[in-house]
Amino acid sequence: MKKPINTIASFILTVFFICIVLFLMIEVFHIADSNTGARAFIFEGISFVILLVIIGFGRGISSAVGSGMYPPICATTVLYAIISLVYNVAACDMKSTAVFTLLNLLLLFVYFCIVIPMAVAGSNAKSESTDVINTHNIRR
């Protein structure tokens, strides 16, 4: 019974974090008025979707990649979201929107280059441990 409560709580906390970030971007830093405002909101939207998927659906991802790989994936995702936010706020007055977009795409690429191998390694390790358990049960 506790697992649905954990999922709902993590989803609510993630949405609350998203609201705080949007408030900061719109009201405090006035990013909408800058040259790269639309692009900053798009990349923050991508960051929010990744956060919602990784943290909101943690039970499913944890069962797919194993409980040993899920915390590093979460930590990497949170770190990506923070770096993305800091970059989007700090570089919002860039004159060149192409450079701003390129650096955001590179940051996203580095994130996926880190997370995808972790997920694949976790799912491979989980399937190998399941195979060892099944082989051990067959020999008995």
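Before any of the text, the structure's been laid out above.
Residues numbered from 1 in each chain as written. Predicted model: local features only at pLDDT ≥ 70, side-chain atom pairs only at ≥ 80, totals over all residues. Heavy atoms only, no water.

## Looking at the overall build of the protein
From N to C terminus, the protein includes five helices and zero strands. Secondary structure elements in the protein, listed N-terminal to C-terminal, are α-α-α-α-α. Counting only residues that meet the buried cut, the protein has 33% of its 140 residues in that class. Summarising the internal contacts of the protein: among those between residues at least 6 apart in sequence, 70% fall at separations of at least 24. Accessible area for the protein stands at about 8,700 Å²; split by element, carbon and sulfur atoms hold 74% of it. (Helix = DSSP H or I, 4+ residues; strand = E, 2+ residues; numbered from the N terminus. Buried < 20%, exposed > 50% of the residue type's maximum accessible area, 1.4 Å probe, protein only. Contact = heavy atoms within 4.5 Å. Areas by Shrake-Rupley, 256 points an atom, 1.4 Å probe, with all protein chains shown as cover.)

## Observations concerning the nonpolar core
With 13 residues, the main nonpolar core has I50, I54, Y70, I73, Y80 and Y111 as its most contacted residues. The set of elements that each furnish at least two residues to this core consists of α2 (37-56), α3 (58-65), α4 (70-90) and α5 (97-139). For this core, the element with the most residues is α5, which contributes five residues. Each residue touching Y111, except ones within four places of it in the same chain, is listed here: I50, I54, T76, T77 and Y80. One finds I18, M25, L85 and C92 within the second-largest nonpolar core, a separate group that totals 12 residues. (Core = buried A, V, L, I, M, F, W, Y, C linked by side-chain atoms within 4.5 Å.)

## Details of the packing of aromatic side chains
What describes a pair of aromatic rings is the distance from one ring centre to the other and the angle between the planes of the rings. Scanning the model with the defined rule gives three aromatic pairs in all. Through pairs of rings, three or more aromatic residues link up here, namely Y80, Y111 and F112. (Phe/Tyr/Trp six-rings, centres within 6.5 Å; stacked < 30°, edge-to-face > 60°.)

## Focus on unusual backbone geometry
Here the phi dihedral of H30 falls at roughly 50 degrees; this positive angle occurs in a residue that is not glycine. Turning to its location among the elements, H30 is positioned in the loop between α1 (2-28) and α2. A residue is classified by how much of its surface remains accessible, and H30, at 44% relative accessible area, is partly exposed.

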